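# Geometric and topological summary
What follows is the residue order along each chain.
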Amino acid sequence: MANINSEIKFNIELDENRVPEKLTWSAQDGGVKAEEAKAIMLSIWDSKAKETMRIDLWTKDMPVDEMKIFFHQTLVAMSDTFKRATDDEKMSDTMKDFCDYFAEKLELTKQ
């Protein structure tokens, strides 16, 4: 059986102070080509060091209200992923309770 490769690319345009001005991403398998984004959060597990490496970027024109929604939706997605990865429904539900609390405190409308 042949190996199948898939590639996801991120392009970050920086200003003179190395602050992101424009973020785009492409994923040929998903039919995505140079789609613009305002923020990226990427976590990578280093199994040898047993630690998470992260890339968190956002453009300087990312609105704060959208950043709050982005964080909320990311937290909800993480609780779903945690459930699928560990089958720990109790902790996933606890995480979702926090997501509800987070949304309530930030006065986010239901997405």
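The following paragraphs examine the structure supplied in this document.

The rules behind these values
Sequence positions are assigned chain by chain, starting from 1 and proceeding in written order. The predicted nature of this model means local features are confined to residues of pLDDT at least 70 and side-chain atom pairs, given and counted, to a pLDDT of 80 or more, with totals for whole chains, interfaces and linings taken over all residues. Side-chain calculation: all heavy atoms of the structure are included, whereas hydrogens and water are not. Candidates for patches are residues over 30% relative accessible area with no salt bridge; among them, like charges are joined within 9 Å and nonpolar side chains (Val, Leu, Ile, Met, Phe, Trp, Tyr) within 5 Å. Note on areas: these come from Shrake-Rupley sampling with a 1.4 Å probe, and a residue is covered only by the protein chains present in the view. Think of a salt bridge as a Lys or Arg side-chain nitrogen and an Asp or Glu carboxyl oxygen that are within 4 Å of each other. We treat Lys and Arg as the positive residues and Asp and Glu as the negative residues; His and chain ends play no part in the count. Charge coordinates come from a single atom per side chain, which is NZ of Lys, CZ of Arg, CG of Asp or CD of Glu. Put simply, DSSP H or I for four residues or longer makes a helix, DSSP E for two residues or longer makes a strand, and each gets a number counted from the N terminus. Buried, partly exposed and exposed residues are distinguished by accessible area as a fraction of the type maximum, computed with a 1.4 Å probe on protein chains only: under 20%, between the cut-offs, and over 50%, respectively. For two strands to count as paired, DSSP must find a minimum of two bridges between them. Note on geometry: axes are lines fitted to C-alpha atoms, helical ones only across the stretch in contact, with angles between N-to-C directions running from 0 to 180 degrees.

This part covers a negative patch on the surface. A contiguous patch of negative charge on the surface is contributed by Asp88, Glu89, Asp93, Asp97, Asp100 and Glu104. With respect to the helices, strands and loops of the structure, Asp88 is situated in the loop between helix H1 (64-86) and helix H2 (89-105). Overall, the relative accessible area of 32% leaves Asp88 in the partly exposed class.

On to a nonpolar patch on the surface, then. Judged by side-chain polarity, Ile8, Phe10, Ile12 and Leu14 come together as a nonpolar surface patch covering roughly 330 Å² of accessible area. Its location among the elements puts Ile12 in strand E1 (residues 8-14). Ile12 sits in the partly exposed class, given a relative accessible area of 32%.

Another aspect to go through is the sheet that holds strand E3 (residues 32-37). The 3 strands are arranged E1-E2-E3 in an open sheet whose pairing can be described as antiparallel. Strand pairing shows two members of the sheet lacking a second neighbour, E1 and E3, which therefore form its edges. Strand-to-strand twist in this sheet, taken as the mean axis angle between neighbours without regard to direction, amounts to 20°. Pairing of strand E2 (residues 20-27) with E3 involves 4 bridges; the strand directions are antiparallel. By the bridge assignment, Ala27 is partnered in E3 with Val32.

Okay, the pairing of strand E5 (residues 51-58) next. One ladder, built from 8 bridges, connects strand E4 (residues 39-46) with E5; its direction is antiparallel. Bridged to Leu42 within E5 is Ile55. Two successive antiparallel strands, E4 and E5, enclose a turn made up of 4 residues, where Lys50 displays a positive phi of approximately 55°.

Right, let's get into the pattern of salt bridges. Per the stated rule, a full pass over the model turns up 7 salt bridges. Residue Glu21 pairs with Lys60 through a salt bridge whose shortest N-O separation is 3.2 Å. With a gap of 39 residues between them, Glu21 in strand E2 and Lys60 in the loop between E5 and H1 connect regions that are remote in the sequence. Of the residues examined, Glu21 reaches a relative accessible area of 42% and is grouped as partly exposed. Across the pair Lys96 and Asp80 runs a salt bridge whose closest N-O atoms are separated by 2.5 Å. Placement of Lys96 in helix H2 and of Asp80 in helix H1 is noted, with a sequence separation of 16 residues between them. Taking relative accessible area as the criterion, Asp80 reaches 30% and is therefore assigned partly exposed.

What follows concerns the pairing of E1. Both E1 and E2 contribute to a ladder of 7 bridges, which runs antiparallel. Its bridge partner being in E2, Phe10 is matched across the sheet by Trp25.

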